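Okay, here's what each chain looks like letter by letter:
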Amino acid sequence: MSAPDAGAAVPVAAVEFCGLTLAHPIVNGSGTFDALAARRAFGDELMREFPFAAYVSKTITLAPRAGNPPPRLWEAPAGLINSIGLPNKGLAGYLAEDLPALAALGIGARVPLITNVMGSSAEEIAQLLEACERRPEIAAVELNVSCPNVDTGLDIGADPGELERVLSAVRARTAKPLIVKLTPNTADVAACARGAERGGADAVSLINTLRAMALAPRGGARPWLGGRTGGLSGPAIRAVALAQVAAVAAAVQVPVVGMGGVQSATHARQLLDAGARLVAVGTESFRDPLAGARIARSLRAGARSEAAGHRAGSASV
Ligand code: RRO
């Protein structure tokens, strides 16, 4: 579980991503960093060096949701299982309350805002995209496809054909960049990424959490989490993330946002080397809310020390 911040190998500068210019390649994973709550908890200090080059919201649904009954978390070996269940104030509440509050923090102006949405039918997704399209504060939309389609019964993100059909049906509803957040809980994530690309995705992001379960201590075979199963994140999934990001980056032309267990610049660099354009930090932000800034700084420092090494090397030849 060590998290050394060393070893970045190539220069890290501003990154072009779907027409946006980001100061560095580190963003947050959706649902792992609440900028409004963080500002309340940590004050201005947190906002002086905002940890991410773009801010990705928690998943928003059309209607408000209370989320799953507790318990919602389980500490796994080298990871975390969550069964949060999409609690959110719904699209109207997000647009009316959160967008102005995020703008007051400078999100949108200082760093682009990426709004993550989820719908359980093409019609619901279309409504979410249209609403985002009307708001200039939103730079891009990330579509979370880790859910079943109530119309077809198929898991939208787990089936390449279903993913392509749903995206083709909704793609025209927004001109903003559309990032599709893939699920790792599928037979062939590269085929799903190709389906997303054919359906009109401007980028894909992965990996979401791996489906997992924990049993209640001394509870026989009783599941611990209120939602029965949950999603495993953290260092435990880093090797899976690396394999899936490499497979997807080799399969599609659109940019890839890689994530899964990143704790250090070394881990971020590995995903960049595997073909990711951006890297998201997720579970590590729960341990260290400034992890994103630490990792971005360390990537830059690694790049500077490599450049110095090159200069020294050429001087001595
Ligand atoms: O809210 C959640 O329980 C949740 C979501 Br929407 C997701 O995409 N991934 C995850 O691990 N948890």
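For the structure, check the block above.
Calculation notes
- Residues numbered from 1 in each chain as written.
- Predicted model: local features only at pLDDT ≥ 70, side-chain atom pairs only at ≥ 80, totals over all residues.
- Heavy atoms only, no water.
- Axes fitted to C-alpha atoms, helices over the stretch in contact; angles between N-to-C directions.
- Helix = DSSP H or I, 4+ residues; strand = E, 2+ residues; numbered from the N terminus.
- Parallel < 35°, antiparallel > 145°, perpendicular 65-115°, else oblique.
- Left-handed = near helix turned anticlockwise from the far one by under 90°.
- Contact = heavy atoms within 4.5 Å.
- Nonpolar A, V, L, I, M, F, W, Y, C, P; charged D, E, K, R; others polar.
- Salt bridge = Lys/Arg side-chain N within 4 Å of Asp/Glu carboxyl O.
- Buried < 20%, exposed > 50% of the residue type's maximum accessible area, 1.4 Å probe, protein only.
- Arc of directions from axis to C-beta.
- Polar contact = N/O pair within 3.5 Å; in protein donor to acceptor, adjacent residues only side chain to side chain.
- Near = heavy atom within 4 Å.
- Areas by Shrake-Rupley, 256 points an atom, 1.4 Å probe, with all protein chains shown as cover.
- Pairing = 2+ DSSP bridges.
- Right-handed = clockwise from strand over helix to strand, strands pointing away.

Draft legend 1. Local environment of the packing of helix α5 (residues 160-170) against helix α6 (residues 189-198). Where α5 contacts α6, the two axes come as close as 8 Å, and the packing angle between them is 20°. Taken together, the axes of α5 and α6 lie roughly parallel to each other. Crossing handedness for the pair α5 and α6: right-handed. Residue-level contacts link P160, L163, E164 and L167 of α5 to A191, C192, G195, A196 and R198 of α6. Among the residues making up the contact of α5 with α6, the classes are represented as 6 nonpolar, 1 polar and 2 charged.

Draft legend 2. Here's a closer look at the pattern of salt bridges. The tally for this structure, following the rule as stated, stands at 14 salt bridges. A salt bridge links R39 to D44, with the nearest nitrogen and oxygen atoms 2.8 Å apart. R165 is the partner of E162 in a salt bridge, and the nearest nitrogen-oxygen pair spans 3.3 Å. Here the residue E162 and the residue R165 both occupy positions in helix α5, the gap between them amounting to 3 residues, near one helical turn. A relative accessible area of 2% places E162 in the buried class. One network of salt bridges, with partners in common, ties together E284, R287, D288 and R294.

Draft legend 3. Region of interest: helix α1 (residues 35-42). Of all the positions in α1, only A35, L36 and A38 are classed as buried. On an axial view of α1, the arc spanned by its buried residues comes to 165°, and they lie on one face. With respect to the buried face of α1, the exposed residues turned more than 90 degrees away are R40 and A41. With a side-chain oxygen lying 3.0 Å from the backbone nitrogen of L36, the N-terminal cap of α1 falls on D34.

Draft legend 4. Region of the structure containing the site of the ligand. Around the ligand, a shell composed of K58, T59, N82, I84, G85, L86, N144, N208 and T209 is seen. K58 has a polar side-chain atom sitting 2.8 Å from an oxygen atom of the ligand. Separating an oxygen atom of the ligand from a side-chain N or O atom of N82 is a distance of 2.8 Å. Considered on its own, the ligand offers 320 Å² of accessible surface; in the complex 83% of this is hidden by protein. Of the residues assigned to the shell around the ligand, the class counts are 2 nonpolar, 6 polar and 1 charged.

Draft legend 5. Highlighting the environment of A249. When you line up the elements, A249 lands in helix α7 (residues 238-251). Spatially, the C-alpha atom of A249 lies 7.3 Å from that of A274, the residues being 25 residues apart in sequence. Leave out the neighbours within four places in its chain, and A249 touches V256, A274 and G275.

Draft legend 6. A look at the pairing of strand β9 (residues 178-181). Taking every second residue as pointing to the same face, both faces of β9 are buried, with L178 and V180 on one and I179 and K181 on the other. Two strands pair when backbone bridges link them, and strand β8 (residues 138-144) and β9 are joined in this way by 4 bridges, in the parallel orientation. Note that in β9 the partner of V141 across the bridge is L178. The parallel pair β8 and β9, bridged by α5, forms a crossover whose chirality is right-handed. Here β9 runs beside strand β10 (residues 203-206); their pairing, made up of 3 bridges, is parallel. Of the residues in β10, the one forming a bridge with V180 is V204. In this fold, the crossover linking β9 to β10 by way of α6 has right-handed handedness.

Draft legend 7. Main features of the sheet that holds strand β3 (residues 26-28). In space, the 8 strands of this open sheet follow the order β3-β14-β13-β10-β9-β8-β7-β4, with parallel pairing throughout. The sheet is open, and its two edges are formed by β3 and β4 (55-56), each paired on a single side. Relative to strand β13 (residues 256-259), β10 runs parallel, the two being bridged by 3 bridges. Pairing of L206 across the sheet is with G258, part of β13.

Draft legend 8. Quick peek at the pairing of strand β5 (residues 73-76). Sheet topology places β5 next to strand β6 (residues 79-82); 4 bridges connect them, and they run antiparallel. Along β6, the bridge assignment pairs L73 with N82.

Draft legend 9. Expanded view of the packing of helix α4 (residues 122-133) against α5. Closest axis-to-axis distance for the α4/α5 pair is 9 Å, and the angle between their directions is 45°. On the basis of the axis angle, α4 is oblique to α5. In the packing of α4 onto α5, the handedness of the crossing is right-handed. Residue-level inspection shows A122, I125, A126 and L129 of α4 in contact with α5, the latter providing V166, A169 and V170. By residue class, the composition of the contact of α4 with α5 is 7 nonpolar, no polar and no charged.

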